[in-house]
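Structural overview for review
One letter stands for each residue in the lines below.
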Amino acid sequence: MTYSFDFNDPAVIENPYPSYALLRERAPVFHSLDPDLWIVSRYDDVRTVIRDAERFSSAISAIGSDPFNPTMNPPTWLTRSLSGIPAVRVLLTSDPPDHTMLRHKVSRAFTPRRIAAWEPRIREVTAQLVDQMTTVRNPDLVRDLAAPLPAIIIAEMLGVPADRREDFKRWSDGLIDGLLTGGSRTAMIRSAIAISWYFYRAVRRRRRAPGDDMIGSLVTGTGAEALTTAEAVNFCILLLVAGHETTTNLIANTALALFDRPDIRDRLRAEPVAAAAAVTETLRFDGPAQALLRVTTAEVELGGATIPAGAYVLPLVGSANRDPSRFADPDEFRLDRPNTQDHLAFGAGIHYCIGNALARMEAVAAIEEIARRVPFMAPSGTPERIASPVLRGLRSLPITLRAPHTS
Ligand code: HEM
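Residues numbered from 1 in each chain as written. Predicted model: local features only at pLDDT ≥ 70, side-chain atom pairs only at ≥ 80, totals over all residues. Heavy atoms only, no water.

1. Side note on helix H14 (residues 245–259)
The terminal C-alpha atoms of H14 lie 21 Å apart, and with 15 residues this matches the ideal 21 Å at 1.5 Å per residue to within 8%. The element H14 is largely enclosed, with a buried count of 14 among its 15 residues. (Helix = DSSP H or I, 4+ residues; strand = E, 2+ residues; numbered from the N terminus. Expected span 1.5 Å × (residues − 1). Buried < 20%, exposed > 50% of the residue type's maximum accessible area, 1.4 Å probe, protein only.)

Shown next, in the form of structure tokens:
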């Protein structure tokens, strides 16, 4: 069947959901030639791919480069940026047994108790940011709240001192822009070197004087439990890349969904705790990570297609989450779905997002504090969308906090 699907078409980036529906209906496992990958769009098939680490490997760097960006392979490239440190495994792009060992080591820094302990601080920072946002002349929900909140929290978790926050923000912005949204490569390389060096020294310091922050908990285990210096540096960088912009986008996407739905907004004002349901439904309805990437280790039959060994596979979680065979009226945004939790926005299986509780806690705090503290909020001007088919979210979301005069 001839069927074309252009990921980078601005209309698809603006609203990919009609294209996903066509894919699910007409070509649920679609072989795209440029870039050369197999696009999987139905819920059951997407879940099969991301839960089957044996046939669908995450070790992308093992066979070649990122198919969207053939000149650069982020995991290998990041590893190499640590000059003098030999190539090391990265959690996100490793398979068992390496993945099992790494995940076990880093899980200690993400126990429910450790994450829950951050809630009061997350609430405090959120309240401050929301209050500040109400005082600026042209407020922007991304610039003033959705971007700084996860950045401040992850910097504090990693023990970055206040006087290095500006540097840290510049480096992580440069790195994330270059890796995920096509920003300047030179700026990305500079940022990656600076940030690798920064974490390298922080890890060395924590080894000499262990502390109770996240880096401390990563490197102070005994024997095989502790990460090596290179593993710890890589993990810190992964936390920045995986956890930063995704959370910003979850907050922005939730706000955007609520702008279009005054009934739900009114309900949140009356009942701010419903923010948790709104955030979960946004993960399903318009999640920050639209697609993941795998490579087949053998020939695989899936959804009526035969995928050869060594092929790139793109499970479209954004499409799975709108599959009517799983979610009734999937294009409706609802707070009372019985099975919203079945969404695949945080992945599934062994790579299931390690930061999911943190991301949810930050997004719920942001939406709840807006409902509590801001009497009126509406979009003002056009939001700027991130030009990426994989990362769904906004660069800016100008808002007005002044209710129009009613006569
Ligand atoms: C893994 C999404 C926030 C750290 C993943 C995966 C997804 C995801 C889909 C699985 C990737 C795969 O299977 O290939 C998201 C979304 C977030 C978010 C939508 C925000 C709304 C965070 C945060 C952190 C984080 C806040 C940490 C601070 C990680 C790490 C992995 C991961 C380390 C790799 C886990 C592994 O390979 O075992 N995330 N994430 N994420 N996420 Fe998140």
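2. Considering the site of the ligand
Taken together, the neighbourhood of the ligand is formed by 26 residues, with His-99, Arg-103, Arg-294, His-351 and Cys-353 sitting nearest. Interatomic distance of 2.7 Å between a side-chain N/O atom of Arg-103 and an oxygen atom of the ligand. With respect to the ligand, the side chain of Arg-294 contributes an N or O atom lying 2.7 Å from an oxygen atom. Broken down by secondary-structure element, the contributors of at least two residues to the shell around the ligand are helix H5 (98–107), helix H13 (229–243), H14 and helix H18 (356–373). At 5 residues, H13 tops the list of elements feeding residues into the shell around the ligand. (Near = heavy atom within 4 Å. Polar contact = N/O pair within 3.5 Å; in protein donor to acceptor, adjacent residues only side chain to side chain.)

3. Some words on the pattern of salt bridges
Counted according to the given criterion, the structure contains 25 salt bridges. The shortest N-O distance in the salt bridge between Arg-385 and Glu-14 comes to 3.8 Å. Of this pair, Arg-385 sits in strand S9 (residues 384–385) while Glu-14 sits in helix H1 (residues 10–14), placing them 371 residues apart in sequence. Residue classification places Arg-385 among the buried positions, given a relative accessible area of 17%. Between Glu-124 and Arg-121 there is a salt bridge, and its shortest N-O distance comes to 3.1 Å. Here Glu-124 and its partner Arg-121 are both found in helix H7 (residues 119–133), 3 residues apart, which amounts to about one turn of the helix. Taking relative accessible area as the criterion, Glu-124 reaches 42% and is therefore assigned partly exposed. In this structure Arg-121 comes out as partly exposed when scored by relative accessible area, which is 27%. Here the salt bridges do not stand alone but share partners, grouping Glu-119, Arg-123, Asp-131, Glu-368, Glu-369, Arg-372 and Arg-373 into one network. (Salt bridge = Lys/Arg side-chain N within 4 Å of Asp/Glu carboxyl O.)

4. Some thoughts on the environment of Pro-35
Note that Pro-35 resides in the loop between strand S1 (29–33) and strand S2 (36–40). Taking the C-alpha atoms as reference points, Pro-35 and Phe-7, separated by 28 residues in sequence, lie 9.4 Å from one another.

5. Remarks on the sheet that holds strand S7 (residues 312–315)
Strand order in the open sheet formed by 5 strands is S1-S2-S7-S4-S3, and the pairing between neighbours is mixed. Both edges of this open sheet fall to S1 and strand S3 (56–57), since each of them pairs with a single strand only. As defined by bridge partners, S3 adjoins strand S4 (residues 294–296) across 2 bridges and the pair is classed as antiparallel. The partner of Ser-57 across the bridge, within S4, is Val-295. (Pairing = 2+ DSSP bridges.)

6. Notes on the coordination of the iron atom of the ligand
The textbook angles at a metal center are 109.5 degrees for a tetrahedron of four donors and 90 or 180 degrees for an octahedron of six. A lone protein donor binds the iron atom of the ligand: Cys-353 (SG), at 2.3 Å. With respect to the element layout, Cys-353 can be found in the loop between helix H17 (317–320) and H18. (Donors = N, O, S within 2.8 Å, 3.2 Å for Na, K, Ca; no water.)

7. Some remarks on the pairing of S2
Among the 5 residues in S2, 4 count as buried, and that is most of the element. Bridge count for S1 against S2 is 5 bridges, and the pairing is antiparallel. Counted as the bridge partner of Val-29 is Val-40 from S2. Connecting S1 to the next strand, S2, in antiparallel fashion are 2 residues.

8. Remarks on the packing of H7 against helix H9 (residues 148–157)
Where H7 meets H9, the axes come as close as 10 Å, and the angle between the chain directions of the two elements is 140°. You can see that H7 and H9 cross each other, and the crossing is right-handed. Across the interface between the two elements, Arg-121, Ile-122, Val-125, Thr-126 and Leu-129 of H7 pack against Pro-148, Leu-149, Ile-152, Ile-153 and Glu-156 of H9. Among the residues forming the contact of H7 with H9, the class breakdown is 7 nonpolar, 1 polar and 2 charged. (Axes fitted to C-alpha atoms, helices over the stretch in contact; angles between N-to-C directions. Left-handed = near helix turned anticlockwise from the far one by under 90°. Contact = heavy atoms within 4.5 Å. Nonpolar A, V, L, I, M, F, W, Y, C, P; charged D, E, K, R; others polar.)

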